[in-house]
Amino acid sequence: IVKMIDLITLFIRIMLIAIVLVSVMNVMLMSVYERIREIGTLAAIGTQPRKLMAIFLGEGLLLGLAGAAAGIALSYALVGYLNLNPVVFAFGREEITLRPVLEIAEVGGVLVLAVLVSALASLQPAWRAARMDPIQALRHV
């Protein structure tokens, strides 16, 4: 039963990572498409493509960091609430009380993983922004 629960937990983690990857990539792609003229202006005044790429990579990193921090804060609030008001249910002749615990190492691992996934997800939109032709970008309506 423990191996089955561990496998289910691993599957849930993989699904959450995939959701973070897709959502950050979608947000970053929309950010690039909404700012085509600005990117064209920056490229036209001589901004290096690697600097444009760094701008969007930094934005993706900050997006991942902010999302992870908000998720961690929400998780600690929920765990605190559940520790003050524990879930009690009957299991056969026994009563089981659930008291969740968040370990610092696991929370830190999730934080690092979320930021890394966000950085990976923002690579493709950043590359697209860096390779944009300034003349075509300035003509964009």
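Scroll up for the structure.
Residues numbered from 1 in each chain as written. Predicted model: local features only at pLDDT ≥ 70, side-chain atom pairs only at ≥ 80, totals over all residues. Heavy atoms only, no water.

K.L.:
Mind showing me how you'd approach the overall build of the protein here?
P.N.:
The secondary structure content of the protein amounts to five helices and two strands. Along the protein, helices (α) and strands (β) appear in the sequence α-α-α-β-β-α-α when read from the amino end. For the protein, the C-alpha radius of gyration of 22 Å lies well beyond 14 Å, the compact-globule estimate for 141 residues. Within the protein, the proportion of its 141 residues that are buried is 21%. A fraction of 75% describes how many contacts in the protein between residues 6 or more apart in sequence connect residues 24 or more apart. Summed over all atoms, the accessible surface of the protein reaches about 10,100 Å², with 72% contributed by carbon and sulfur. Treating the 11 positive side-chain charges of the protein as one cloud and the 9 negative ones as another, the clouds have centres 11 Å apart. (Helix = DSSP H or I, 4+ residues; strand = E, 2+ residues; numbered from the N terminus. Rg over C-alpha atoms; globule rule 2.2 N^0.38 Å. Buried < 20%, exposed > 50% of the residue type's maximum accessible area, 1.4 Å probe, protein only. Contact = heavy atoms within 4.5 Å. Areas by Shrake-Rupley, 256 points an atom, 1.4 Å probe, with all protein chains shown as cover. Lys, Arg positive; Asp, Glu negative; His and termini not counted. Charge placed at Lys NZ, Arg CZ, Asp CG, Glu CD.)

K.L.:
I keep staring at the pattern of salt bridges and nothing clicks. Help me out?
P.N.:
Should their charged atoms come close, side chains of opposite charge can pair. Evaluated as defined, the whole model comprises two salt bridges. A salt bridge links Glu106 to Arg13; the nearest nitrogen and oxygen atoms lie 2.7 Å apart. Residue Glu106 is found in helix H4 (residues 104-130), and its partner Arg13 is found in helix H1 (residues 2-34); the two are separated by 93 residues along the sequence. On the accessibility criterion, Glu106 (43% relative accessible area) is partly exposed. In this structure, Arg35 engages Glu59 in a salt bridge whose closest nitrogen and oxygen atoms are separated by 2.5 Å. (Salt bridge = Lys/Arg side-chain N within 4 Å of Asp/Glu carboxyl O.)

K.L.:
Could you clarify how one ought to interpret helix H3 (residues 49-84) in this entry?
P.N.:
Since the α-helix turns once every 3.6 residues, residues separated by three or four places project in the same direction. Taking 1.5 Å as the rise per residue, H3 with 36 residues should run 52 Å; its terminal C-alpha atoms sit 53 Å apart, in good agreement. Tucked inside the fold, the buried residues of H3 contact H1, helix H2 (36-44) and H4. (Expected span 1.5 Å × (residues − 1).)

K.L.:
Where do I start with a nonpolar patch on the surface in this structure?
P.N.:
Together, Ile1, Met4, Ile5, Ile8, Phe11, Ile12, Met15, Leu16 and Ile19 line one region of the surface with nonpolar side chains, adding up to about 950 Å² of accessible area. Looking at the element boundaries, Phe11 is found in helix H1. (Patch = residues over 30% accessible without salt bridge, like charges linked within 9 Å, V, L, I, M, F, W, Y side chains within 5 Å.)

K.L.:
How should I be thinking about the side chain of Ser118 in this particular structure?
P.N.:
Structurally, Ser118 can be placed in helix H4. Setting aside chain neighbours within four positions, we find Ser118 in contact with Val20, Val24, Gly60 and Gly64.

K.L.:
Looking at this structure, how should I read the packing of H1 against H2?
P.N.:
For any two helices packed against each other, one specifies the inter-axial angle together with the distance between the axes. At a minimum axis distance of 5 Å, the contact between H1 and H2 shows a crossing angle of 65°. Classified by the angle between their axes, H1 and H2 sit roughly perpendicular to one another. When H1 is examined against H2, the residues Val32, Tyr33 and Glu34 are found in contact with a partner set consisting of Ile36, Glu38 and Ile39. Residues belonging to the contact of H1 with H2 are distributed by class as follows: four nonpolar, no polar and two charged. (Axes fitted to C-alpha atoms, helices over the stretch in contact; angles between N-to-C directions. Parallel < 35°, antiparallel > 145°, perpendicular 65-115°, else oblique. Nonpolar A, V, L, I, M, F, W, Y, C, P; charged D, E, K, R; others polar.)

K.L.:
Teacher, can you tell me more about the packing of H1 against H4 here?
P.N.:
At a minimum axis distance of 8 Å, the contact between H1 and H4 shows a crossing angle of 35°. Here the hand of the crossing between H1 and H4 comes out right-handed. Each of Arg13, Ile17, Val20, Leu21, Val24, Met25, Met28, Leu29, Val32 and Tyr33 in H1 lies in contact with H4, whose residues at this interface are Glu106, Leu113, Val117, Ser118, Ala121, Ser122, Gln124, Pro125, Arg128 and Ala129. Looking at side-chain class alone, the contact of H1 with H4 contains 14 nonpolar, three polar and three charged residues. (Left-handed = near helix turned anticlockwise from the far one by under 90°.)

K.L.:
How should I be thinking about the nonpolar core in this particular structure?
P.N.:
Within soluble globular proteins, side chains that are nonpolar tend to cluster in buried spots. Formed by 13 residues in total, the largest nonpolar core has its most connected members in Val32, Ile39, Phe56, Ala129 and Met132. Leaving out residues up to four positions away in the same chain, Met132 has contacts with Val32, Ile36, Ile39 and Ala137. (Core = buried A, V, L, I, M, F, W, Y, C linked by side-chain atoms within 4.5 Å.)

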